[in-house]
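In case you want the letters, here they are:
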Amino acid sequence: MSPFPLHHLALRGPTLNFIDDPFQVGDEAALRYEPDGLVIIENGKIAAAGNYAALRSRVAPNAVTHYPDSLILPGFIDTHVHYPQTQMIGGYGVQLIDWLNKYTFVTEQQFGSPAHAAAVADIFLKECLRAGTTTAAVYCTVHPESVEALFQAAFKRHMRMIAGKVLMDRNAPAALLDASVQSGYDQSAALIAKWHGKSRLSYAVTPRFAPTSTPAQLEATGALWKAHPGTYMQTHLAETLQENEWVRSLFPDRANYLDVYTHYGLTGPRAVFGHALHLQEDEWLHLEASGSAITHCPSSNGFLGSGLFDFARARQPRAPARAIRTGLATDVGGGTTLSMLKTMGEAYKIGQLGHYSLSAPKAFYLATRGAAQSLYLEDKIGSIAPGMDADLLVLDMKSTPLIDFRMQHCDTLADALFVQMTMADDRATRAVYVAGELAYSRKHLHYSVPGEFHPREE
Ligand code: GUN
Ligand code: ZN
């Protein structure tokens, strides 16, 4: 007889997990690989994880789903993405400011319609799941309806999501501006009251970026964020040189771009800055000292021609400065994919252009535990350990004939992971579990919503 109550859901297969930061302690010391692992799930959380032979007695015999030739890892975390831009990925020919005016600000005007917002939110979340992403920090549009739609859809799927209403009161079409500083504040506060902390949802106060808010709106935004502890603050920072010049002309009294946000109380724990490409040393130092996070969006930076992320400065700075909290992100629709695997591959290429070769373990870390740490969520998501939410991705390591062939010539785990991030995409997503329930199954081409019928994997 087992001394433990028998559990009724468990996944068997090779498992990958991080117990520390590979940028700090090295890849080998940070990573744990179990060739024949078992992850036991109970009430939406991981009850135990380890070697199959050691743990099998704790599981009812028919409760184990076996995934050979696969890799079980924490669900990916996309730390910066615009769901309304799902319908405008791949807009040709322009760089950031012109791209915003030509594509983004046209598309986003449609999200005052609850029906349109709901339809896109549904597609977006399904595509996240298909890509293996279980948590994202999401920009909605200026319309409260756009936030309602995303939160409703995530609530239905039990997904852990962070999202917020974009705040803008200048330098965009009138239809996309908050009617007043007060109305933007009030609408955000109402959304926080309704959604923040409900199920697995968190609110992010979301000023789009400094050029689209007046000083008065940034001031109110700082007050709003301060009045709601535990919420996030997300915005863009130093994505292009042209944007930096614009910010300098709009805020001549501030020392640099980040200082605009600091001045209005918008740096600190749970502040998440997209891009961070064109920064001065003072800004790097303040990002670290304030506990703020940055997001690296490589496919977007390449696609919009924005610049090269400085991995070495962000993650391996010289003493006395320490590493900056960093997550990987797609930034769709500036980014060209919702796949975090493809995003890792793009991050490697951006690194190479700056003579920094991002290792596969470091890339996987930035999409899982590192991203969770950047969001102060490392006690809930991003690793496979008892007590963590059971948000899990099962990756097929042979998802195309060419990857299958290439994998036969891999000698090490690092090689195998690197091949995956270089060659694989959403076709490699075999199954995704959200809060311990099967949320996507490639085999059944099926997305499940809790409470509805779904087939069991065998
Ligand atoms: N800066 C301000 N808004 C945006 C946006 O929607 N996408 C990107 N990539 N950068 C921005
Ligand atoms: Zn963005």
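See the structure shown above.
Residues numbered from 1 in each chain as written. Chains lettered and ligands numbered in written order. Predicted model: local features only at pLDDT ≥ 70, side-chain atom pairs only at ≥ 80, totals over all residues. Heavy atoms only, no water.

### Focus on the pattern of salt bridges
Here's step 1: Tallied over the full model, the rule gives 23 salt bridges.
Here's step 2: Where Arg 12 meets Asp 36, a salt bridge forms, and the shortest distance between an N and an O atom there is 3.0 Å. Residue Arg 12 is found in strand S1 (residues 10-18), and its partner Asp 36 is found in strand S2 (residues 31-42); the two are separated by 24 residues along the sequence.
Here's step 3: Assessed through its relative accessible area of 26%, Asp 36 is described here as partly exposed. (Salt bridge = Lys/Arg side-chain N within 4 Å of Asp/Glu carboxyl O. Helix = DSSP H or I, 4+ residues; strand = E, 2+ residues; numbered from the N terminus. Buried < 20%, exposed > 50% of the residue type's maximum accessible area, 1.4 Å probe, protein only.)

### Some points on the site of ligand 1
Here's step 1: The full set of residues close to ligand 1 is His 82, Gln 85, Leu 96, Trp 99, Leu 100, Arg 208, Phe 209, His 236, Glu 239, His 275 and Asp 331.
Here's step 2: Arg 208 is positioned such that a nitrogen or oxygen atom in its side chain is 2.7 Å from a nitrogen atom of ligand 1.
Here's step 3: Within the contact set of ligand 1, a nitrogen atom lies 2.7 Å away from a side-chain nitrogen or oxygen of Glu 239.
Here's step 4: The fraction of the free accessible surface of ligand 1 (280 Å²) that becomes covered by protein chains is 100%.
Here's step 5: Of the pockets mapped on this structure, ligand 1 occupies the largest cavity.
Here's step 6: With three residues, the top contributor of residues to the shell around ligand 1 is helix H4 (residues 96-107).
Here's step 7: Along the lines of polarity and charge, the residues of the shell around ligand 1 split into four nonpolar, four polar and three charged. (Near = heavy atom within 4 Å. Polar contact = N/O pair within 3.5 Å; in protein donor to acceptor, adjacent residues only side chain to side chain. Areas by Shrake-Rupley, 256 points an atom, 1.4 Å probe, with all protein chains shown as cover. 1 Å grid on protein atoms, 1.4 Å probe; cavity = no way out; pocket = protein on both sides within 12 Å on 5 of 7 lines; lining within 4 Å. Sits in = over half its atoms within 2 Å of the grid points. Nonpolar A, V, L, I, M, F, W, Y, C, P; charged D, E, K, R; others polar.)

### A closer look at the coordination of the zinc ion (ligand 2)
Here's step 1: Looking at the zinc ion (ligand 2), one finds its protein donor set to be His 80 (NE2), His 82 (NE2), His 236 (NE2) and Asp 331 (OD), positioned 2.1 to 2.2 Å from the metal centre.
Here's step 2: If you look at the zinc ion (ligand 2), its four donor atoms make angles of 91 to 165° with each other, and the shape they trace is irregular. (Donors = N, O, S within 2.8 Å, 3.2 Å for Na, K, Ca; no water. Tetrahedral: all angles 85-135°; square planar, octahedral: opposite > 155°, others 65-115°.)

### What about the side chain of Gln 85?
Here's step 1: Among the secondary structure elements, Gln 85 is positioned in the loop between strand S6 (76-82) and H4.
Here's step 2: Only 3.2 Å separates the side chain of Gln 85 from the side chain of Glu 108, close enough to count as a polar contact.
Here's step 3: Ignoring anything within four residues of it in the chain, the contact list for Gln 85 reads Trp 99, Thr 104, Glu 108, Arg 208, Val 332, Gly 333 and Gly 334. (Contact = heavy atoms within 4.5 Å.)

### A few points about empty space enclosed by the protein
Here's step 1: A complete count under the given rule lists four cavities of 30 Å³ or more for this structure.
Here's step 2: What the largest cavity holds in volume is close to 100 Å³.
Here's step 3: The wall of the largest cavity is formed by His 82, Gln 85, Leu 96, Trp 99, Leu 100, Arg 208, Phe 209, His 236, Glu 239, His 275, Leu 304 and Asp 331.
Here's step 4: Among the elements that make up the lining of the largest cavity, the one with the highest residue count is H4 (three residues).
Here's step 5: When grouped by side-chain class, the residues that make up the lining of the largest cavity number five nonpolar, four polar and three charged.
Here's step 6: Of the pockets and cavities examined, the second largest cavity occupies roughly 60 Å³.
Here's step 7: Considering the residues around the second largest cavity, the lining is formed by 10 residues, among which Arg 157, Leu 438, Ala 439, Ser 448 and Pro 450 are closest to the centre.
Here's step 8: Per-class residue counts for the lining of the second largest cavity are six nonpolar, two polar and two charged. (Points joined across faces, edges and corners; volume = space filled by probe spheres on them.)

Honestly, that's just the spatial picture; any functional story needs more than this.
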